[in-house]
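Commentary on secondary and tertiary structure
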Amino acid sequence: MTTKKYAALLRGINVGGAKKVPMAELREVLTGLGLTEVQTYLQSGNAVFTSPEKDPAVLARALERAIEARFGFAVACLVVDGEYLRAVAEACPFPAAELEGKQLHATFLSAQPGEERFAAIDGPAYLPEEYRIGDRVVYLYAPEGLGRSKLGEVLHRPAVFKGIDATTRNWNTVVKLVELTAG
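On a predicted model such as this, the values are computed, not experimentally measured, just so you know.

1. Topic: the side chain of Arg-169
On the secondary structure map, Arg-169 appears in strand β8 (residues 166-170). One buried charged residue, Arg-169, forms no salt bridge at all, with the nearest opposite charge on Glu-64 at 11 Å. A polar contact of 2.5 Å, which involves the side chain of Arg-169, links it to the side chain of Asn-46. Engagement of the side chain of Arg-169 in a polar contact is seen with the side chain of Thr-167, the distance being 2.6 Å. Look past the residues within four positions of Arg-169 in its chain and what remains in contact with it is Leu-9, Leu-10, Ser-44, Gly-45, Asn-46, Leu-104, His-105, Ala-106, Phe-108 and Val-174.

Shown next, in the form of structure tokens:
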């Protein structure tokens, strides 16, 4: 039976004291689901594992149910495979190698948003900040970082991603997840 390497991206855990999910316990949850080679990265909800399951959405729903059962609250989870992560990195429309990791972000999405969701965003008004839409990802260049990004605030308004699970990672984390899911 062949297995595939995946990354689980949990949304909104361990931020400001809310939705506490210790990484050791997250590893236990993943192992309890029968996943193998489980590792976590940072405290912000990144996990890597292998599984024979071919459908990332099946893995995401199982993980969401297991987290809610273990911790008592719902957490949106996106599961993506290593090939997808590599493709996201390779398709980056910004010069990632020339930027600091805090300047470039990828918002991973559970579904591809239509261009109409972004029609009301006046991109030039936010320069030098910029965004580009990719395959179930929105790339954001924010020279002062996400915490100071006005464009980031606009992109994360509920209307933009309504009905789509979204979670953002800085470029350093994207690169590390590509490494961890390689091979």
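2. Brief notes about the side chain of Thr-50
Of note, Thr-50 is situated in strand β3 (residues 46-51). Separated by 2.3 Å, the side chains of Thr-50 and Thr-36 make a polar contact. If we ignore the near neighbours within four places in the chain, the residues touching Thr-50 are Thr-3, Lys-4, Lys-5, Leu-35, Thr-36 and Glu-37.

3. Notes on the nonpolar core
Formed by 23 residues in total, the largest nonpolar core has its most connected members in Leu-10, Leu-26, Leu-30, Phe-49, Leu-63 and Ile-67. Secondary-structure elements contributing two or more residues to this core are β1 (4-10), α1 (23-32), β3, α2 (56-71) and β4 (77-81). No other element matches α2, which puts six residues into this core. Counting 22 residues, the second largest nonpolar core, distinct from the first, contains Leu-99, Leu-104, Trp-171 and Leu-180.

4. As for the pattern of salt bridges
According to the stated counting rule, one finds ten salt bridges in the structure shown. Here Glu-153 ties to Lys-150 by a salt bridge, and the two come within 4.0 Å at their closest N and O atoms. One end of the pair is Glu-153 and the other is Lys-150, both in helix α4 (residues 150-155) and three residues apart, which spans about a single turn. The partner of Lys-176 in a salt bridge is Glu-179, with the nearest N and O atoms 3.7 Å apart. Residue Lys-176 and its partner Glu-179 are both found in helix α5 (residues 171-180); the two are separated by three residues, about one turn of the helix. Taken together, the salt bridges that share partners define one network made up of Glu-25, Glu-28 and Arg-70.

5. Description of the confidence of the model for the chain
Residue-level pLDDT values for the chain average 94, and 100% of them are 70 or greater. Strand β7 (residues 137-141) holds the highest mean pLDDT among the elements of the chain, 98, whereas β8 holds the lowest, 94.

6. Quick look at the packing of helix α3 (residues 82-90) against α5
It is the contact of α3 with α5, at a shortest axis distance of 9 Å, that shows an interaxial angle of 135 degrees. Taken together, the axes of α3 and α5 are oblique relative to one another. As for the relative orientation of α3 and α5, their crossing is left-handed in sense. The residues of α5 that touch α3, namely those facing Leu-85, Arg-86, Val-88 and Ala-89, are Trp-171, Leu-177 and Val-178.

7. A few points about α2
Side chains three or four residues apart in an α-helix point the same way, a direct result of the helix having 3.6 residues per turn. Compared with an ideal rise of 1.5 Å per residue, which puts 16 residues at 22 Å, α2 spans 22 Å between its outermost C-alpha atoms and is within 8% of the ideal. Every buried residue of α2 is accounted for by Leu-59, Ala-60, Leu-63, Glu-64, Ala-66, Ile-67 and Phe-71. For α2, the secondary structure elements touched by its buried residues are β1, α1, β3 and β4. Where α2 begins, the capping side chain belongs to Asp-55, and its oxygen is found 2.9 Å from the backbone nitrogen of Ala-57. Gly-72 lies just past α2 and shows a positive phi near 85 degrees.

The rules behind these values
- Residues numbered from 1 in each chain as written.
- Predicted model: local features only at pLDDT ≥ 70, side-chain atom pairs only at ≥ 80, totals over all residues.
- Heavy atoms only, no water.
- Helix = DSSP H or I, 4+ residues; strand = E, 2+ residues; numbered from the N terminus.
- Buried < 20%, exposed > 50% of the residue type's maximum accessible area, 1.4 Å probe, protein only.
- Lys, Arg positive; Asp, Glu negative; His and termini not counted.
- Salt bridge = Lys/Arg side-chain N within 4 Å of Asp/Glu carboxyl O.
- Polar contact = N/O pair within 3.5 Å; in protein donor to acceptor, adjacent residues only side chain to side chain.
- Contact = heavy atoms within 4.5 Å.
- Core = buried A, V, L, I, M, F, W, Y, C linked by side-chain atoms within 4.5 Å.
- pLDDT = per-residue confidence, 0-100.
- Axes fitted to C-alpha atoms, helices over the stretch in contact; angles between N-to-C directions.
- Parallel < 35°, antiparallel > 145°, perpendicular 65-115°, else oblique.
- Left-handed = near helix turned anticlockwise from the far one by under 90°.
- Expected span 1.5 Å × (residues − 1).

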